Amino acid sequence: ASKVTATHYVVFNSWQGTYESDGTLTGTALNFSVDLPSLLVDDGNERLQTHLKSADFFDVATYPTASFASTSITPGVDSAAFANAAGATHTVTGVLDIHGVTKEVSFPITLTDTGTGMIGAKAAFAVNRQDFDLVYPGVPDDLIRDEVVIEVDASMVVGG
């Protein structure tokens, strides 16, 4: 997330997911859920951490989980549709649920077979936080940007 004067990296320390595959990289399902109260700001800014967990942002007391469930995983990427598609091998489409709002999203992903029964997955894509009712504007001279980049870097056991 970022604002006019700074960028903040947020990590969620508690999450779980599944990747289902018929033994190929393409797979049949990618699903994950994130425990929002596990949010940590990379620089240890506790005041910001508390604010992000409050009703101004994620409202973790009301919405403790965010989730994603794929509806399709297809080989290839339309580079005209995704500015950040360089190196991506597949396109994932699915339903993202944050803050009680559900939206369909598509993003490029790089899936790699490690040869050890694991699939590596890396993706970076942006969503508009306002689409998910995360509307806190920030202070007038330091406005919060609407685009938030979500990065995924995971190793997954191949299962069917």
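About the thresholds
- Residues numbered from 1 in each chain as written.
- Predicted model: local features only at pLDDT ≥ 70, side-chain atom pairs only at ≥ 80, totals over all residues.
- Heavy atoms only, no water.
- Helix = DSSP H or I, 4+ residues; strand = E, 2+ residues; numbered from the N terminus.
- Buried < 20%, exposed > 50% of the residue type's maximum accessible area, 1.4 Å probe, protein only.
- Contact = heavy atoms within 4.5 Å.
- Areas by Shrake-Rupley, 256 points an atom, 1.4 Å probe, with all protein chains shown as cover.
- Lys, Arg positive; Asp, Glu negative; His and termini not counted.
- Charge placed at Lys NZ, Arg CZ, Asp CG, Glu CD.
- Core = buried A, V, L, I, M, F, W, Y, C linked by side-chain atoms within 4.5 Å.
- Salt bridge = Lys/Arg side-chain N within 4 Å of Asp/Glu carboxyl O.
- Pairing = 2+ DSSP bridges.
- Arc of directions from axis to C-beta.
- Polar contact = N/O pair within 3.5 Å; in protein donor to acceptor, adjacent residues only side chain to side chain.
- Phe/Tyr/Trp six-rings, centres within 6.5 Å; stacked < 30°, edge-to-face > 60°.
- Axes fitted to C-alpha atoms, helices over the stretch in contact; angles between N-to-C directions.

1. Some points on the overall build of the chain
- Of the regular secondary structure elements, the chain holds one helix and 11 strands.
- Each helix and strand of the chain, ordered N terminal to C terminal, gives the series β-β-β-β-α-β-β-β-β-β-β-β.
- Taken along the three principal axes of its C-alpha coordinates, the chain extends 50 × 35 × 30 Å.
- Within the chain, the proportion of its 160 residues that are buried is 34%.
- Contacts in the chain between residues at least 24 apart in sequence constitute 53% of all its contacts with a sequence separation of at least 6.
- Counting every atom, the chain has about 8,800 Å² of accessible surface; 53% of that belongs to carbon and sulfur.
- Of note, the chain has its 7 positive side-chain charges centred 8 Å away from the centre of its 20 negative side-chain charges.

2. Quick look at the nonpolar core
- One finds Phe58, Phe107, Ile109, Leu111 and Met156 to be the most contacted residues of the largest nonpolar core, which totals 33 residues.
- Among the secondary structure elements, those contributing two or more residues to this core are β3 (29-35), β4 (39-41), α1 (46-53), β5 (65-75), β6 (90-98), β7 (101-113), β8 (118-128) and β11 (147-157).
- If we skip the residues at most four places from it in the chain, isoleucine 109 touches Leu30, Ala88, Thr89, His90, Val92, Ala121, Lys122 and Ala123.

3. Some thoughts on the pattern of salt bridges
- Evaluation of the coordinates by the stated rule reveals two salt bridges.
- The residue arginine 129 makes a salt bridge to aspartate 146 at a minimum N-O spacing of 3.5 Å. Note that arginine 129 is positioned in the loop between β8 and β9 (138-139) and aspartate 146 in the loop between β10 (142-143) and β11, a separation of 17 residues in sequence.

4. Details of the pairing of β8
- Of the pairings in the sheet, the one linking β7 to β8 comprises four bridges and is antiparallel in character. Residue pairing across strands places leucine 111 opposite alanine 121, the latter belonging to β8.
- Summarising the sheet, β8 and β11 pair through 11 bridges and their orientation is antiparallel. Bridging across to β11, isoleucine 119 finds its partner in methionine 156.

5. Thoughts on α1
- Buried within α1 we find Leu48, Gln49 and Leu52. All buried residues of α1 project into a common sector of 105° when viewed along the axis, lining one side. With respect to the buried face of α1, the exposed residues turned more than 90 degrees away are Glu46, Arg47 and Thr50.
- A side-chain oxygen of the first residue of α1 lies 3.2 Å from the backbone nitrogen of arginine 47; this N-cap is asparagine 45.

6. Thoughts on the packing of aromatic side chains
- According to the stated counting rule, one finds four aromatic pairs in the structure shown.
- With a centroid separation of 5.5 Å and 25° between ring planes, the pair formed by phenylalanine 32 and phenylalanine 68 is classed as stacked. Here the residue phenylalanine 32 occupies a position in strand β3, and phenylalanine 68 occupies one in strand β5, the gap between them amounting to 36 residues. Neither residue differs from the other here; phenylalanine 32 and phenylalanine 68 are each classed as buried.
- Aromatic rings pair up to connect Phe32, Phe68, Phe107 and Phe125 into one cluster.

7. Some details on the sheet that holds β11
- Reading across the sheet, the seven strands line up as β2-β3-β5-β6-β7-β8-β11 and stay open at both edges, with antiparallel pairing between neighbours. Edge positions in the sheet fall to β2 (15-20) and β11, since each of these pairs with one other strand and no more. Strand-to-strand twist in this sheet, taken as the mean axis angle between neighbours without regard to direction, amounts to 20°.

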